[in-house]
Amino acid sequence: MDFDGIAAYPHLKIFAKPNNCEKHYAKANFVSIEKERSFASKGGLSDEKGILNPAFPQNLWENNFIPGDNKVQVDMLLTYDTLADLEKEIEMGFKEGMIIDFQQLDKLLLTLKKGK
């Protein structure tokens, strides 16, 4: 599948805690990509080969980019099939994982800004 020249292969992400050999995997399949405007994916926890584990929640993740004065706002909307799925994801550390993601993004953006 190809979205405006962007290959839409499944995305496999590895989660590993610092100083811990335990790894967890998540797979996301791109549903749509609008270059420089938005993208959406559906996925959840998987094995190391990207096979989704039906025992864990899956979600639809929509990301929209809204241009502003010298900045871009990113709106993220996650949709779960049930409230119980959302609650399970929160119990499994979703909030803490997102904090780590944003901290890593902040570091990357600072690095890119310094490189200009």
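The structure under discussion appears in the preceding block.
Caption draft 1: Quick look at the overall build of the protein chain. Scanning the protein chain from terminus to terminus reveals 2 helices and 7 strands. Along the protein chain, helices and strands appear, N-terminal first, in the series β-β-β-β-β-β-β-α-α. Burial statistics for the protein chain: of 116 residues in total, 16% are counted as buried. Long-range contacts, defined as pairs at least 24 residues apart, comprise 24% of the intrachain contacts of the protein chain with a sequence gap of at least 6. Accessible area of the protein chain: about 9200 Å², with a carbon and sulfur share of 58%.

Caption draft 2: Looking closely at the pairing of strand β7 (residues 71-80). Here strand β6 (residues 58-68) pairs with β7 via 10 bridges, running antiparallel. The residue bridging Pro 67 from the neighbouring strand is Val 72, located in β7. Adjacent in sequence and paired antiparallel, β6 and β7 are bridged by 2 residues, among which Asn 70 carries a positive phi angle near 60°.

Caption draft 3: Spatial organisation of the side chain of Asn 59. Residue position: Asn 59 is located in strand β6. Among the residues examined, Asn 59 registers a relative accessible area of 7% and is labelled buried. A polar contact is formed between the side chain of Asn 59 and the side chain of Tyr 80, at a distance of 3.2 Å. Looking at Asn 59, its side chain comes within polar contact range of the side chain of Glu 89, at 3.4 Å. In contact with Asn 59, not counting residues within four places along its chain, are Ser 41, Lys 42, Gly 43, Leu 78, Thr 79, Tyr 80 and Glu 89.

Procedures and definitions
Residues numbered from 1 in each chain as written. Predicted model: local features only at pLDDT ≥ 70, side-chain atom pairs only at ≥ 80, totals over all residues. Heavy atoms only, no water. Helix = DSSP H or I, 4+ residues; strand = E, 2+ residues; numbered from the N terminus. Buried < 20%, exposed > 50% of the residue type's maximum accessible area, 1.4 Å probe, protein only. Contact = heavy atoms within 4.5 Å. Areas by Shrake-Rupley, 256 points an atom, 1.4 Å probe, with all protein chains shown as cover. Pairing = 2+ DSSP bridges. Polar contact = N/O pair within 3.5 Å; in protein donor to acceptor, adjacent residues only side chain to side chain.

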